[in-house]
Amino acid sequence: MQQQQQPSNITRRHDPSHPHHHHQLTEEQQQFQLFQESLPKINRLVYQMLLNEIIPTSISVQNRLDESDDNSDAEQLKKLSISEKPVVPSHKLVSQMHEIKNEGRYNNILERIRTIGFKLGCKIADLLVFANNPNLNFRDMDLLAIMKFVCRDVWKLVFGKQIDNLKTNHRGTFYLIDYSYQPIKNFALNDDTNKLSAEELEKKELKSVEPFLELPVGIIKGVLEALGYNAKETICLATYIDLPNEDASHYGFSKGISFHVQVTNTTRQQQP
Amino acid sequence: MAIETLLIVNKSGGLIYHRNFGEACEKRKKLTSNDYLIIASTLHSILAISGQITPRALKLNQDDIDYTIPYVPGVGMPSSDSSNNSKMSKLGSFKGDDYFKESFTSWNKSGLRQLSTDQFTMFVYQTLTGLKFIAISSSVLPKNNEMETSKNLNLANQIGDNFLRKIYCIYSDYVMKDPLYSLEMPIKSENFDKKVQEMVYNVQ
Amino acid sequence: MSSSAGQQQIKTLKVLGEDVWKNKVEKINSELFTLTYGTIVSQLCQDYDRDFEKINDELYKMGYNIGVRIIEDFLARTALPRCTDFNTTSEVISKVAFKVFLNLTPTIANWSQSNDAFSLIISDNPLSDFVELPIDAMKSLWYSNVYCGVLKGALEMVQLDCDVSFVSDILRGDNQTELRIKLNKVLKDEIPVIED
């Protein structure tokens, strides 16, 4: 990595829909808000559960694909059997991840989750571009503006909150920091065996939650791709970071997440 | 109403949560976790048996009995002088300033709901999915005349039900939305713990 | 249950559903839901190489795992009493559950002779907004099969063993989207022993 400047800290701007925002909304902005409010809605909880269920489903798919690879005769037999196999519960699927020794399998699952996130990111970018939000001018956006868009608008849409902190060296490297990444906020692993030390349990918990982070990684890459930054030239990795020392209970999960994004080609490939 | 102990028992009688609060922490130190497991399964059996021995008269008149539990405002909620902002975000996915504000029907129609002794009072709240929320309170109901006693019992019961339904709401928020959580296994969520502690503290 | 008492109960359920939806839940634009689900289905098509039986099955399983959990939220939030008959169950599902979670009120129809099965006719299904199925999918894919899993799982948790499946889907060129729920049995052994 080239010599970095002191990374500058860009915290979020005020959310225009926040009630304490000082400026009077323009008519365009008002219209946009009204339009958004009139769109059909569903319960956020349903969406949250669907989003989280992507991970156990991706594991279940891998299991099924491996089964049919291993033994296609058994697969044929299964098709003939009438009895219904019980559904493997989500928590069992998730804990299976921890047991997987085969790196190829493990990575296949992560790749699947990331791909879903990527496709989702592309569609979300389209959705937000075509929403004609008067606050967003995509044509004039440079990479930094697009990252801010990810931090504010994309995150707010999908996770109900913005990224807590954005750091950049203004040379294509970004850190998106979320101290209370919403989908994992309530996650807590219990120790079925009752034999693990607190440290081992924490380690196991963090490892079990890792696959869940591939989804937002994919989303970030997908958004960037849709807005002109080829996925092949973008790196995105998620790591755990410690929470700042303030009241930790405010955050939810025991660790924050830092998304490290590196874009090698900082000029945008204009869309046709 | 001072809550000393909260137990959550799953549909097969297994103990999935127990916590002592305040002074009970000292008092109950002599009980091991194994003791609690036994308490849980005993309670589970007792609840099952009590359902069978409900007086016939009660069963026959079931349609006439009103199982509505009125909403008792403010049970387990922070006092009104705390800032509004801290209240709003505190209820997880439940919008508004309380988990619910209407009266509701008790699911417990013929079993044990409350056990009063001269040392403690125990409240039982059972859900349609078989979960049992049990609160043990150090408040003992004074026994004046019979009318007073039954009125007090009733009010205490209502507060108990309101309180335990809110614990159920917290449970559904924290535990049910966690794909890492094995249904029927002990709850180890710190967030759940904290929220429960908050509620117990508010209800003192 | 006399029919006027029945009507009153249905009205109460409707009011409850609307009240919870309006005041007690956080809402998001359903288009996000639509496109997320679409992405999941398309990934499954890729993974299972368009073996629609497997895809239907996976969507069902996904729904089941959501259903066994979402029921607790539903019960904690509404505290609805146990349904006295399957008729009431259908009303609760249609007027409260679908309303609270998806802002939909499917029509209840096609009751069986023995009152042990009914259909839900879903219009304005958010999952299938703007979706068009390719021809091979139109023959074998039940696009919204996740609903079947959710209902199966949720009902099982309140001791109702049901079969839930789609009968028709406008995405397949049918006239309407119809989901059928059939009660197999009440899991009496598992009913918490506090009720008769």
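Look above for the structure.
Residues numbered from 1 in each chain as written. Chains lettered and ligands numbered in written order. Predicted model: local features only at pLDDT ≥ 70, side-chain atom pairs only at ≥ 80, totals over all residues. Heavy atoms only, no water.

Draft legend 1. Expanded view of the interface of chain C and chain B. Counting from both sides, the interface comprises 27 residues of chain C and, opposite them, 37 residues of chain B. For the pairing of chain C and chain B, the buried interface totals around 2700 Å² over both sides, and the portion due to carbon and sulfur atoms is 53%. For K177(B), the salt bridge is made with D73(C), and the minimal N-O distance between the two is 3.4 Å. Across the contact surface, chain C and chain B share eight residue pairs in polar contact (both at pLDDT 80 or more). Of all the secondary-structure elements, those providing two or more residues to the side of chain C that touches chain B are α1 (3-24) and α3 (52-78) of chain C. At nine residues, the largest contribution of residues to the side of chain C that touches chain B is made by α3(C). Residue composition of the side of chain C that touches chain B, grouped by class: 13 nonpolar, three polar and 11 charged. (Contact = heavy atoms within 4.5 Å. Buried area = accessible area lost by both parts, 1.4 Å probe. Salt bridge = Lys/Arg side-chain N within 4 Å of Asp/Glu carboxyl O. Polar contact = N/O pair within 3.5 Å; in protein donor to acceptor, adjacent residues only side chain to side chain. Helix = DSSP H or I, 4+ residues; strand = E, 2+ residues; numbered from the N terminus. Nonpolar A, V, L, I, M, F, W, Y, C, P; charged D, E, K, R; others polar.)

Draft legend 2. Geometry of the pattern of salt bridges. Counting across every chain of the model gives 24 salt bridges over all chains. Ionic pairing is found between R64(A) and D57(C), a salt bridge with its closest N-O pair at 2.8 Å. Of this pair, R64(A) sits in helix α2 (residues 44-70) while D57(C) sits in helix α3, which puts the two residues in different chains. Because the salt bridges share partners, they merge into one network encompassing D173(B), K177(B), D73(C) and R77(C).

Draft legend 3. Local environment of the environment of L37(B). Residues and elements named next belong to chain B. Position of L37 among the secondary structure elements: in helix α2 (residues 33-52). The exposure class assigned to L37 is partly exposed, which follows from its relative accessible area of 43%. The sequence separation of L37 and Y125 amounts to 88 residues, and the corresponding C-alpha distance is 18 Å. (Buried < 20%, exposed > 50% of the residue type's maximum accessible area, 1.4 Å probe, protein only.)

Draft legend 4. Structural view of the interface of chain A and chain C. The interface of chain A with chain C comprises 37 residues on the first partner and 39 residues on the second. Summed over both partners, the interface of chain A with chain C buries about 3800 Å², with 65% contributed by carbon and sulfur atoms. One can count three salt bridges joining chain A with chain C. Between the two partners, chain A and chain C, sit 15 residue pairs in polar contact (both at pLDDT 80 or more). Counting only elements with at least two residues in the side of chain A that touches chain C, the list comes to β2 (41-43), α2, α3 (72-80), α4 (90-99), α5 (103-130) and α6 (143-159) of chain A. For the side of chain A that touches chain C, the element with the most residues is α2(A), which contributes 14 residues. The pairing of β2(A) with strand β1 (residues 27-29) of chain C spans three bridges and is classified as antiparallel. Counted as the bridge partner of K41(A) is N29(C) from β1(C). (Pairing = 2+ DSSP bridges.)

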